[in-house]
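# Structure assessment
Each chain, letter by letter, is given below.
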Amino acid sequence: MKLLAKYNWFNLTVTVIIMGFAAIIYYFTIRSILSNQVDKALLVEENEVFNYVKLNKHLPQVFKSNHQQINFTIARQPVTRQFIDTTFLDQKENELEPARAIISKVNVNGENYKILVILSRVETEDLIEVIFIITIGLITILVMALLIINRLILGRIWKPFYQILEQLKLFNLADHKPIHNVSSTIEEFIDLDQAVGAMTLRVKNDYQSLKAFTENASHELMTPIAVINSKLDTLVQTDQFTEKQSKLLNDIYGTVARLTRLNKSMLLLAKIENRMIRDDEDVNMKEIVEECLYQHEEIIQSLNIDLIADLQDKQLHTSKLLMEVLLNNLISNALRHNYANGKITITLQPQQLIISNTGKSTFDIDQVLKRFQKSNESEGIGLGLTICNQICDNYDFKLQYHYINEMHTFSVNF
Amino acid sequence: MVNATIYHRFSPNLTSNFTQKAVKILIVEDETGLRDSIEAYFDEVDCICETACDFNSALAKVSVYRYDCIILDLTLPQGNGLDIIKHLKANQYNDGILIISAKNSLDDRLTGLDLGADDYLTKPFHLSELKARVTAIIRRKSFNGNNALIFNEIYIDLAGKMVKINAQPVKFTRKEYSLLLYFIANKGKVISKNAIAEHLWGDSIDIADNFDFIYSHIKNIRKKLVEAGSNDYIQATYGMGYKFAEA
């Protein structure tokens, strides 16, 4: 539930309850005041009857009236003077109206008469109705005004909060965009803004130094690896080796090569994440795909893989190096996880590149995109797809994986 | 070292009285182990190697002597290798320059090449790759790109990427051609399978995948050479690599 909705809900409930109570109290107060007035009018009538009887020594003549009715009956029993609620038959409209009556007695020439004066209350009821409608109208208007004001004021007051929130949502560690200060006059939001700014800065600095460490470590490793490599190259020039020795040397060569590739991949990944590769130029993707296939022609032939390449011209303004890395990794994967007499389809269209291959096992793409995750039979170093994904991220391409018709399918949407 | 000569294709007469001139190479590298290995690898009859281990001694040497190729590390004690390139260019010295750097940073690479370096090689590298690159630079510098490479009966037109054996053209695939050039540049040296794989397929491809293919490429080269009447110069060396040498 949004803050505004929650606040409004609470606010409205309280307002409606209070206003409801007020309306009820109001209603009864007005009703009793008006009842009193009617009672007074009845008393006046009673008084008039008394005065008339006193003066004329007989009962007054009774006229028919719209709202008032006076009855005299001989009282056989003792009559207590009292006010009662009753009904009044409006003879014109022939309907019963609520009414108030007074029962009293008068002594005319020694005979006891019961006086019944009924006064229609239709007018007071009308008045109460009007007052009630006006009150309800007022409540409605008040509630609506509250809603609108809340919306406007809350929207304005909470604007800095939403701005900060928006920035936090867009916050990306690897990104170099700074978090902008949000101006506000409200102390809490100024505090929040400063806390968020300080936090993101600290996190970014930590992340940067971690990355710088990775990069520096990789760099520093390159020189000793270069020395090992060159010493090996020198060693193999020296003398004849036994079969056992040359097997050992081959293993060392292989391991150093692996170490080199691992190190280079880590460096490359750090650089792509830091967006330090900025040699964007017009790149012909078709040429790169063709070159990449040429690089892999031997393995394609040896596995007797059925290669179907449907390549259209596609120009991109990107780093040629990164596109080569991207395609190399995707095509290497398609081959590495393939089997003999398998199939690879490569489609390059203006909107997308699709590489699909037959393959041994299925895998969880989310797992594979994590660093150093690889299938058991893979001889790679487990960074290939992570690098691909990062490259695609950098250029806002979309790398997707699907398993369609028993083909592993990677697509890059440009 | 006798038969490898480089000559200008437009003046073939030079071959007859061409005197073998030794190439001079300066190795600027602060890492002793690497410097020694490079020096040992280049140490041949027709090659004079000098070394410098820091910025100042390198600057002193290039101020006085001219080299066919300078192998230059960029991160040096006392200074940046890029300043040595600037110094050379400011004085209009035409020495070939090959940058070797652990920093595979594109900025360095582009700056280096912009300043006038001829090539850029990232550490770690195989010495055979370094030798091939240096040889290519020296060849380009000496003959302006229009040149041919001759090894006994093998004639390679570098501009046209054509190979002739005993004046008969022989067709090689792109990889075979590249491998043949690599062998000739490293003649007399054992080249490991790793170095060959990296040269042919680059370092982005898993090298172990490709060992079997090296064998078939070499088998093809050998077959083509022999069928065209050339000697078989390629020797397998105890399962570790290959050597291109006079039988």
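These notes cover the structure that comes with them. (Residues numbered from 1 in each chain as written. Chains lettered and ligands numbered in written order. Predicted model: local features only at pLDDT ≥ 70, side-chain atom pairs only at ≥ 80, totals over all residues. Heavy atoms only, no water.)

### Digging into the overall build of chain B
Assigned secondary structure in chain B consists of eight helices and 15 strands. Expressed as a percentage of the 247 residues in chain B, the buried residues total 49%. A separation threshold of at least 6 residues defines the contact pool for chain B, and within that pool the share at least 24 residues apart is 59%. Accessible surface, chain B: about 10,500 Å² in total, of which carbon and sulfur atoms supply 49%. (Helix = DSSP H or I, 4+ residues; strand = E, 2+ residues; numbered from the N terminus. Buried < 20%, exposed > 50% of the residue type's maximum accessible area, 1.4 Å probe, protein only. Contact = heavy atoms within 4.5 Å. Areas by Shrake-Rupley, 256 points an atom, 1.4 Å probe, with all protein chains shown as cover.)

### Some remarks on the pattern of salt bridges
One pass over the structure, following the stated rule, counts 18 salt bridges over all chains. Notably, a salt bridge pairs A:D85 with A:R121, separated by 3.3 Å at the nearest N-O pair. A residue pair is termed long-range when its members are at least 10 positions apart, and A:D85 in strand β2 (residues 82-90) and A:R121 in the loop between β4 (111-120) and α2 (122-157) qualify at 36 residues. Residue classification places A:R121 among the buried residues on the basis of a relative accessible area of 7%. The residue B:D95 makes a salt bridge to B:R66 at a minimum N-O spacing of 2.9 Å. Taken together, the residues B:D95 in the loop between α3 (81-90) and β7 (96-101) and B:R66 in the loop between α2 (55-64) and β4 (69-73) connect sequence positions 29 residues apart. Note on B:D95: relative accessible area 2%, which makes it buried. Salt bridges sharing partners connect three or more residues here, namely A:D39, A:D85, A:R100 and A:R121. (Salt bridge = Lys/Arg side-chain N within 4 Å of Asp/Glu carboxyl O.)

### Describing the sheet that holds β2(A)
Residues and elements named next belong to chain A. What the four strands build is an open sheet, ordered β1-β4-β3-β2; its pairing is antiparallel. Because the sheet does not close on itself, it has two edges, and the strands there are β1 (68-74) and β2. Strand-to-strand twist in this sheet, taken as the mean axis angle between neighbours without regard to direction, amounts to 30 degrees. Pairing between strand β3 (residues 95-108) and β4: ten bridges, direction antiparallel. Within β4, the position partnered with V108 by the bridge is E111. (Pairing = 2+ DSSP bridges. Axes fitted to C-alpha atoms, helices over the stretch in contact; angles between N-to-C directions.)

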